[in-house]
Amino acid sequence: MQQFNVTGMSCSACSARVEKAVGKLPDVDSVSVSLLTNSMVVEGSASSQSIITAVVEAGYGATKKYTNDKNNIDNKAKEEELKDTETPKLRRRFILSIIFLIPLMYVSMGHAMWKWSLPQVIEKNPIAIALIQLLLTIIVMIINQKFFVNGVRGVFHGAPNMDTLVALGSGASFVYSVYGLFAISNAVLEGNLDLAHNHLHDLYFESAAMILALITLGKTLEAYSKGKTTDALKGLMKLAPKNATVIRDDVEQLVSIEQVVINDIFVVKPGESIPVDGVVIEGHSAIDESALTGESIPVDKEAGASVYAATMNQSGYIKCRATHVGQDTTLSQIIQMVKDAAATKAPIAKVADKVSGVFVPVVIILALITYVVWRLVGEELGFALARAISVLVISCPCALGLATPVAIMVGNGVGAKKGILFKTAASLETTGKVNAIALDKTGTITIGKPEVTDIIPVGNATARELMAWAYSIEKQSEHPLARAVVEYWNEHKKDMVGEPEMEALTRITNQAVDGFKVLPGNGLVGEVNGKQVAGGNLPFISDKVKIEESIKKQAKELSLKGKTPLFFARDGELLGLIAVADVIKPDSIEAIELIKDMGIHVVMLTGDNEQTAKAIGEQVKVDQVIAGVKPDGKEEAIRELKSKYKRVAMVGDGINDAPALTKADIGIAIGAGTDIAIDAADVVLMKNSIKDVAVAVALSRAVLKNIHQNLFWAFCYNVIGIPLAAGVWIPLFGWKLNPMFGAAAMSLSSFCVVTNALRLNFFKMKKKAKQFDYNTREKISNYEDVLDDEDKNQVTNLENKTILKGEKSMEKTMKIEGMMCGHCEARVKKVLEALPQVDEAIVSHVEGTAVLKLNADIANDELKKVIEDQDYKVLDITA
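Residues numbered from 1 in each chain as written. Predicted model: local features only at pLDDT ≥ 70, side-chain atom pairs only at ≥ 80, totals over all residues. Heavy atoms only, no water.

Attention shifts here to the overall build of the protein chain. When helices and strands are counted, the protein chain shows 32 helices and 33 strands. Within the span of the protein chain, comprising 879 residues, buried residues form 51% of the whole. For the protein chain, the share of sequence-separated contacts (at least 6 apart) that also reach a separation of at least 24 residues comes to 70%. Summing over all exposed atoms, the protein chain offers an accessible surface of approximately 40000 Å²; the carbon and sulfur share of this is 55%. (Helix = DSSP H or I, 4+ residues; strand = E, 2+ residues; numbered from the N terminus. Buried < 20%, exposed > 50% of the residue type's maximum accessible area, 1.4 Å probe, protein only. Contact = heavy atoms within 4.5 Å. Areas by Shrake-Rupley, 256 points an atom, 1.4 Å probe, with all protein chains shown as cover.)

All right, on to the packing of helix 14 (residues 349-376) against helix 15 (residues 381-394) then. For the pair helix 14 and helix 15, interaxial distance at closest approach is 8 Å and the crossing angle is 160°. One way to sum up the angle between helix 14 and helix 15 is to call them roughly antiparallel. Handedness of the helix 14/helix 15 crossing: right-handed. Touching V363, I364, L366, A367, T370, Y371, W374 and R375 of helix 14 are L381, F383, A384, L385, R387, A388, V391 and L392, all from helix 15. Taken together, the residues that form the contact of helix 14 with helix 15 break down as 13 nonpolar, 1 polar and 2 charged. (Axes fitted to C-alpha atoms, helices over the stretch in contact; angles between N-to-C directions. Parallel < 35°, antiparallel > 145°, perpendicular 65-115°, else oblique. Left-handed = near helix turned anticlockwise from the far one by under 90°. Nonpolar A, V, L, I, M, F, W, Y, C, P; charged D, E, K, R; others polar.)

Among the nonpolar cores identified, the biggest contains 143 residues, and V18, V22, M40 and I437 are the most heavily contacted of them. No other element matches helix 28 (residues 691-726), which puts 16 residues into this core. The residues contacting M40, other than those within four sequence positions of it, are Q2, Q3, F4, V6, V18, V22, V31, S32, V33, I51 and V55. Counting 27 residues, the second-largest nonpolar core is a separate cluster that includes A470, V486, V533 and V580. (Core = buried A, V, L, I, M, F, W, Y, C linked by side-chain atoms within 4.5 Å.)

So, on to helix 24 (residues 588-597). Along helix 24, 8 of the 10 residues are buried, which leaves the element largely enclosed by surrounding structure. All of the buried residues in helix 24 are S588, I589, E590, A591, I592, E593, L594 and I595. On the buried face of helix 24, the contacting elements are strand 15 (436-440), helix 18 (441-445), strand 22 (601-605), helix 25 (610-620) and helix 28. Backbone geometry just downstream of helix 24 places G599 in the positive-phi region, at approximately 80°.

A few words on the pairing of strand 8 (residues 277-282). Pairing of strand 8 with strand 13 (residues 318-324), which is carried by 5 bridges, proceeds in the antiparallel orientation. In the sheet register, E282 faces strand 13, and the bridge partner there is K319. Here 2 bridges tie strand 8 to strand 11 (residues 306-307), and the two strands are oriented antiparallel to one another. Bridge pairing in strand 11 links V279 to S306. (Pairing = 2+ DSSP bridges.)

Another point: the confidence of the model for the protein chain. Parts of the prediction with low pLDDT should not have their coordinates interpreted in detail. Of the residues in the protein chain, 89% have a pLDDT of 70 or more, and the chain-wide mean is 82. Below pLDDT 50 for its whole length, residues 68-72 participates in 14 contacts with residues either more than four positions away or in separate chains. Low pLDDT, under 50, characterises residues 769-808; the predicted model gives this stretch 90 contacts beyond four residues in sequence or across chains. (pLDDT = per-residue confidence, 0-100.)

Moving on to the packing of aromatic side chains. Scanning all chains against the criterion turns up 8 aromatic pairs. Ring geometry for Y176 and Y179: centres 6.1 Å apart, planes at 35°, overall tilted. On the criterion of helical spacing, the pair formed by Y176 and Y179 is a turn pair, its members being 3 residues apart in helix 8 (residues 162-189). With a relative accessible area of 53%, Y179 lands in the exposed category. Measuring from centroid to centroid gives 5.2 Å for W374 and F383, while their planes differ by 80°, and the two rings are edge-to-face. Every member of this aromatic cluster is reached through a ring pair, and the members are Y176, Y179 and Y204. We note R93 situated over the ring of F147; from NZ or CZ to the ring centre the distance is 5.2 Å. If you follow R387 out to its NZ or CZ, it ends over the ring of F383, 4.7 Å from the centre. (Phe/Tyr/Trp six-rings, centres within 6.5 Å; stacked < 30°, edge-to-face > 60°. Lys NZ or Arg CZ within 6 Å of the ring centre and 35° of its normal.)

Read across the open sheet, the 4 strands follow the order 2-3-1-4; overall the sheet is antiparallel. Two strands in the sheet have a free side with no partner beyond their single neighbour: strand 2 (28-34) and strand 4 (61-64). If you compare each strand with its neighbour and ignore which way they point, the axes differ by 25° on average. Here 4 bridges tie strand 1 (residues 2-7) to strand 3 (residues 39-44), and the two strands are oriented antiparallel to one another. What sits directly across from Q3, in strand 3, is V41.

Moving on: the sheet that holds strand 22. The 7 strands lie next to each other as 14-26-25-24-15-22-23, forming an open sheet whose pairing is mixed. Both outer strands of the open sheet, strand 14 (420-422) and strand 23 (624-626), are each paired with one neighbouring strand and no more. Sheet twist, expressed as the mean angle between neighbouring strand axes with direction ignored, is 20°. Here strand 14 pairs with strand 26 (residues 683-685) via 3 bridges, running antiparallel. Bridging across to strand 26, I420 finds its partner in L685.

What follows deals with the environment of V838. Topologically, V838 is positioned in strand 31 (residues 838-844). Owing to a relative accessible area of 0%, V838 belongs among the buried residues under this scheme. Along the primary structure V838 and N855 are separated by 17 residues, whereas in three dimensions their C-alpha atoms are 6.3 Å apart.

Next up on the list: the pairing of strand 24 (residues 648-652). Among the 5 residues in strand 24, 5 count as buried, and that is most of the element. Two strands pair when backbone bridges link them, and strand 15 and strand 24 are joined in this way by 4 bridges, in the parallel orientation. Residue pairing across strands places I437 opposite A649, the latter belonging to strand 24. For strand 24 and strand 25 (residues 666-670), the ladder comprises 4 bridges, and the chain directions are parallel.

All right, on to the pattern of salt bridges then. Within this structure, the stated rule accounts for 22 salt bridges. For K269, the salt bridge identified is with E252, shortest N-O distance 4.0 Å. Placement of K269 in the loop between strand 7 (265-268) and strand 8 and of E252 in strand 6 (residues 251-256) is noted, with a sequence separation of 17 residues between them. On the accessibility criterion, E252 (39% relative accessible area) is partly exposed. (Salt bridge = Lys/Arg side-chain N within 4 Å of Asp/Glu carboxyl O.)

With that out of the way, let us pick up helix 16 (residues 397-417). In an α-helix, one turn spans 3.6 residues, which is why side chains three or four residues apart end up on the same side. Over its 21 residues, helix 16 extends 32 Å from the first C-alpha to the last, a length consistent with the 30 Å expected when each residue adds 1.5 Å. Its axis deflected by about 35° at A403, helix 16 carries its strongest bend there, up to four residues before the proline P405. Counting buried residues in helix 16 gives 20 out of 21 residues, a clear majority hidden from the surface. Following helix 16 by one or two positions, G419 adopts a phi angle in the positive range, close to 80°. (Expected span 1.5 Å × (residues − 1). Bend = angle between axes of the 7 residues up to and from the residue.)

With that settled, consider the side chain of S108. Within the secondary structure, S108 sits in helix 4 (residues 86-114). Under the relative-accessibility criterion, S108 is labelled buried at 8%. At 2.8 Å, the side chain of S108 and the backbone oxygen of L104 are in polar contact. Once you skip the residues sitting within four places of it in the chain, S108 turns out to touch Q133 and E206. (Polar contact = N/O pair within 3.5 Å; in protein donor to acceptor, adjacent residues only side chain to side chain.)

Take the environment of P659 next. Checked against the element boundaries, P659 lands in helix 27 (residues 658-663). P659 sits in the partly exposed class, given a relative accessible area of 43%. The sequence separation of P659 and A680 amounts to 21 residues, and the corresponding C-alpha distance is 7.5 Å.

Next up on the list: the packing of helix 6 (residues 126-143) against helix 8. The interhelical angle for the contact between helix 6 and helix 8, taken along N-to-C directions, is 160°, at an axis separation of 10 Å. Taken together, the axis directions place helix 6 and helix 8 in an arrangement best described as roughly antiparallel. For the pair helix 6 and helix 8, the sense of crossing is left-handed. For the pair helix 6 and helix 8, the contacting residues are P126, I127, A130, L131, L134, T137, I138 and M141 in the first and S170, F174, V178, L181, I184, S185 and V188 in the second. Classifying every residue of the contact of helix 6 with helix 8 by side-chain character gives 12 nonpolar, 3 polar and no charged.

Put into C-alpha cells, the structure is as follows:
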C-alpha cells in the first residue's frame, strides 16, 4: 500500500477525477482519495512515479507521503502532515476581500439603492462610479484568483470542478457588468445622462466580488472545521514523549526519543511519561494508561509487567527494558491505524462519489438551460443571466464529498480515545449493522484463567486447614488449576488464618514435599510433614478415601455450573473439595444485556459440554449457546450463523480465533494490548472488556446516523436550492434568488456538514434503564465472618456470596404546564435525561406529565429548575 499527498483538490469532483485517473493505470488494484485529508491510498504494484504522473496529468499535484525508518519516528514530521495550513491562508484572503468589498458595496448598492452620498467629483459621473466598481472588483478577483486558475485548469483537463462553477458565476457577472460599463459610456457620449444612470442598475460587479468573498468565507469555515476533525489524532501524536532517561555506562542520560533502541534500559520517575514500550525489570508503580485504553483507573505494575509509550507513571520509580521503539510502539501503531482508516472509503460513500463525478457538468448544463428558457419566455438578458449565475454558485458538490469522510474521521478519533480502533472505514460502517455477535467464552466472557470459587471443608477439617494442606501439595505443580489454589492462598491467608493458627499452618505450607508425583489426568501425591497428601479429581481420590454421596452430589452441582471440583485427602481422610473455575468478568453480564438491548442476537461459543455451557449461558443471559466447539471449529460455527443472520460479528482474544475472526463479517479482537495489529481483526479493542463491543456498535451506529444526516442535507440542499436559483418558483410564488444569496448558501452548505460531523465528539454510550450495578460488589474474603467452628461443613461460595448494592428502582412524576406538541415533549425529555440521576423520562404533552425513572435521589428543586429554565411551569412533583 502506497500513500500520497494530493494538492489542488477543491471538491469531490476533483477527488473523483484523481481516482479515475490513477485507477486507469494497469498495475493499480484499488485507489481511494480523501478530500478531507487531501490524501490518496493506492494498492497494487504500480510505481510511485507513474502514479504521480497520472495525478499531474489529471491537473493536480502529488507527492509520496513521508515514511520513516522503522526503528525511528519523527512525530513532528507527522504532526506537520496534519497541521491546518489552509485556514490561515483562506482567512487572510477573506479579510483582504472584505477590505475592498465594503467600499464596493457602498458605491454600488448604497448609492444606487439607498442614495448614500458619494464625493461630488464622481456623484454625477456614472462612468466614474462604474470604473471604481470595476477596479475594486478586479482587486477582489486577483485576491481570489485561485478559483479562476483551478477552475480553468479543470476545464482544460476535461474535469470541471467546484472552482469552475464559482469562476463561471463570478466571471459571467463581471463580463456582463463590463458590457454594462460600455453601455454607460455610449449613453454619456450621446449626452443621455439619465440613461447612463439607469444602466448603473445593470452592473453586477458587486455580485462578482461578493460571490468570491462569500465562497472564501465558506471555505475558511470548512477548513477550520476539517482541521478540528483530526484533533483526536493530533492529540495522540502530542502524547508521544520527546526524551527518555536511559542508563548507559551505569550513568543516567537524557536522550532524544529517536536515540532509544531495543534492549536499552530506561528509568521513569513519578509524574513522567513512559518513553517507549518496555517491560519493568525493577521497582513498582501505578501507571495511568487512559491515553491508550480510555480506562481511567491506574494499573499496578511490578517486575515483569509491560509498560507502553505515552502512559503516565503516577507513583513509584521504575527501571525498564525497551522492547518496542519508533514505529513499533503501541502508540505509533494506534496513530497509523487511525490514519489508515481515515484514508479508506466507506461503502456508503460510493453513491455520493458517483453523483459528484458528474455533478459539475450537469450543473453547467442546467445553468445554460436556465438562461435559454428565461430568454425564450421574453425576460431581459440581465434577468436570465442572474438566474443562470444563481444556479452556478448555489450548487455544491463539496457537501456531498465531505458527508462521509468527515464523519468517519471524527468517529475514528472518538473510538481511538476510548480504546476502540477501527482498521478501515468499511469496518466502522459495518460494525453498526451487525445483527448477531458470537462471543468466545474463554478470555472474552470469562477472565481467561482459573480462580478459586468455592471452599467446602468436610468432617472435622476447617476451611483454613483445607486450603493450607491443598497449598502444601499444589505449590509443586505448574498446572493452571494448581496455580489458582496457590494464588488464592497467597492472597487470602491473612484473612483466613488468625494469629494463634498462623504458626502451625505456616509450618505446614513451608514444608518440603517428599515423594512428589504428578499423575496426568488424575491428580498428584506427596508427603508433607510426615503425612500422605493427595489432590485430584473425584475418581482419583475415590480410590484413596471414602467419599459420601452428599459430597459427590455437591461436586456434580459445581460441575454443572462450569466449575472443576478438586478433592484433597490427608492420611486416608477426606479434607474437602475446592472448586476452581474460569470466572465470569464483572462487567460481562451488563455488557451482554447492553448488546441485546440493541436488538442483536448474542451467541456464546465454548468448548464445554452441553450441560455446563447451558449453565454458564444462563448466568450471562446470552440468547444462544453453541457448546463443544473446538478451537478449529469456531470458523464452522460462524459459517452456520452467517446462513441465518445478515451480518455476524465474532469477538475473540485473537490467540486462536483468527480463522473465525476472518470468516465473520466483522472480526473484533478484544484485550489486544500491544498486539493491536492483529491481521484477522477488523476492530481492535485495547481493553479486555466486552462492554467496549457494545460501545463500538453504538459508536458505529452514531457515525452511520451522522453520515445519513449529512447525505440527506447535501442532496436536499441541491434538490431544493437549484430549482429555487433557476427561478422555477417565480411564476407560482414570485420567489427569486439573488446570486449573492446563492453564494452565501453554498458557502455554508459544506460548513454545516462538517459541523454536524463534529457533534460526534460528544458521543456517549446511552445509559441503560435498568437499576442494577453489576460492578458494585463486595466479595466476602474474610472467612472468620462466614465459617463457624461448630459447623465445619458450611459451604463458602466466593463467587455467589456477594453484596449487591443496586438501588431499588425509584420513580417521580412531574406535572408540567406549557407543553403544546411533540417538540415540547422532546425538549423536556432531553433536559431531564441529561441529569445523571435520571435513567429515563417518559413525557406526554397530552397528559402534561413526565414520569422519571431514577438511579439515585434528586432534589425536587433541581428538577423544577431544569424545566422552568426551558420556559415551562412545574405544577407538582410526586414520588
